[in-house]
Amino acid sequence: MKLNLQILVLVLGFSGILKAQGSKQLSDSLIHAEWVDFERDNGSVLKAFVVYPESRAATKAVIVIHENLGLNEWIMTFSEKVAGQGFLVISPDLISNRVEGIEKTTDFENNDKVRDAIYALDQEHVTKDLNLVYNYVENDPAVNGRISVVGFGWGGSQSFSYAAQNPNLENVMVYYGAAPQDLTILKFIKSPVYGFYGAADNKVNMTIPDTEKTMKDYGNLYTFDIYEDAGHAFMSRGAQEAYGPNNMAYEKSWKKLISLLK
């Protein structure tokens, strides 16, 4: 099998990485995961976390685009949970090796440094990284060729942008992410887009009407749910809360997400 990219390193079994990071949320499942490294055209390395489901047949794949906190433990937790539903999941660390001396998100000094690195990314570079990831799973024999994207916050916005660049995505799932300011790029989207928003997230929600109108004008499918009293980042916040609007939004949107992906 020939791939139009170079895979440099496959390292670290799933149980090893989770124990090394001290995760208490991830289950001791038999799901297999590994880090995959891709060489960018400038010679630097894009790191991605890949989780394989237990399956005898080729499965659908899901690309997870992290929020402005990078590829952190929450994204790894979510990736494992999605894989547990029968999907191959790949989560690229889009700021990996973008800052000198910093290999991946967890190497940054703090979250402010992570955000600075993310907001300094060039859009063309982000698209190229996502193409590397897409091409990898498209050519993986464990994948049946049906590939969706799920993005959170900043990653939700990137999901809109990437869908405009890649017409072959099966589904595009946007969690509390605004469409690009230049709404004309939405005309290039060929995949159905589903949005998940918290009612208390006014900054993002104020962009929904224009996005909805533009998508409708271009004849593109865009539907969304708004969860009562939930705030921004209700998935990561709700996953850690025992009860409340964020937790309720987390539970409801999780069920909706999996039903749409399947």
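As shown above, the structure is provided for reference.
So, here's what we can say about the structure. (Residues numbered from 1 in each chain as written. Predicted model: local features only at pLDDT ≥ 70, side-chain atom pairs only at ≥ 80, totals over all residues. Heavy atoms only, no water.)

By the alternation rule, side chains of strand β7 (residues 172-175) split into Val172 and Val174 and Met173 and Tyr175, which are all buried. Alignment of strand β6 (residues 143-152) against β7, held across four bridges, turns out to be parallel. Bridge pairing in β7 places Val149 opposite Val172. Assessed by its sense of winding, the connection that carries the chain from β6 through helix α5 (residues 154-165) to β7 is right-handed. Bridge count for β7 against strand β8 (residues 193-198) is four bridges, and the pairing is parallel. In the strand pairing of β8, Tyr175 is matched with Phe196. (Buried < 20%, exposed > 50% of the residue type's maximum accessible area, 1.4 Å probe, protein only. Helix = DSSP H or I, 4+ residues; strand = E, 2+ residues; numbered from the N terminus. Pairing = 2+ DSSP bridges. Right-handed = clockwise from strand over helix to strand, strands pointing away.)

Attention shifts here to the packing of helix α4 (residues 123-138) against α5. Look at α4 against α5: their axes get within 11 Å of each other, and the N-to-C directions meet at 75°. Between α4 and α5, the interaxial angle falls into the category roughly perpendicular. Contact residues: α4 offers Gln123, Val126, Thr127, Leu130, Asn131 and Tyr134, while α5 offers Trp154, Gln158, Ser161, Tyr162 and Gln165. (Axes fitted to C-alpha atoms, helices over the stretch in contact; angles between N-to-C directions. Parallel < 35°, antiparallel > 145°, perpendicular 65-115°, else oblique. Contact = heavy atoms within 4.5 Å.)

We now examine the packing of helix α2 (residues 73-83) against helix α9 (residues 245-261). Following both chains from N to C, one finds α2 and α9 inclined at 45°, their axes separated by 12 Å at the closest point. Taken together, α2 and α9 sit at an angle that is classed as oblique. Every pair of crossing elements has a handedness; the one defined by α2 and α9 is right-handed. Every residue of α9 that contacts α2 at Trp74, Phe78, Lys81 and Val82 is listed here: Tyr250, Trp254 and Leu257. The residue inventory of the contact of α2 with α9, partitioned by class, reads six nonpolar, no polar and one charged. (Left-handed = near helix turned anticlockwise from the far one by under 90°. Nonpolar A, V, L, I, M, F, W, Y, C, P; charged D, E, K, R; others polar.)

Moving on, we come to the pattern of salt bridges. Enumeration over the complete set of coordinates arrives at twelve salt bridges. Lys47 is the partner of Asp37 in a salt bridge, and the nearest nitrogen-oxygen pair spans 3.0 Å. Pair noted here: Asp37 is in strand β2 (residues 32-39) and Lys47 is in strand β3 (residues 45-52), with a separation of ten residues, a long-range link. Residue Asp37 is classed as buried on the basis of its relative accessible area of 8%. With a shortest N-O distance of 3.6 Å, Lys128 and Glu124 are connected by a salt bridge. Of this pair, Lys128 and Glu124 both sit in helix α4, four residues apart, which is roughly one turn of that helix. When its relative accessible area of 35% is taken as the criterion, Lys128 is described as partly exposed. When salt bridges that share partners are traced, they join Arg40, Arg98 and Asp129 into one network. (Salt bridge = Lys/Arg side-chain N within 4 Å of Asp/Glu carboxyl O.)

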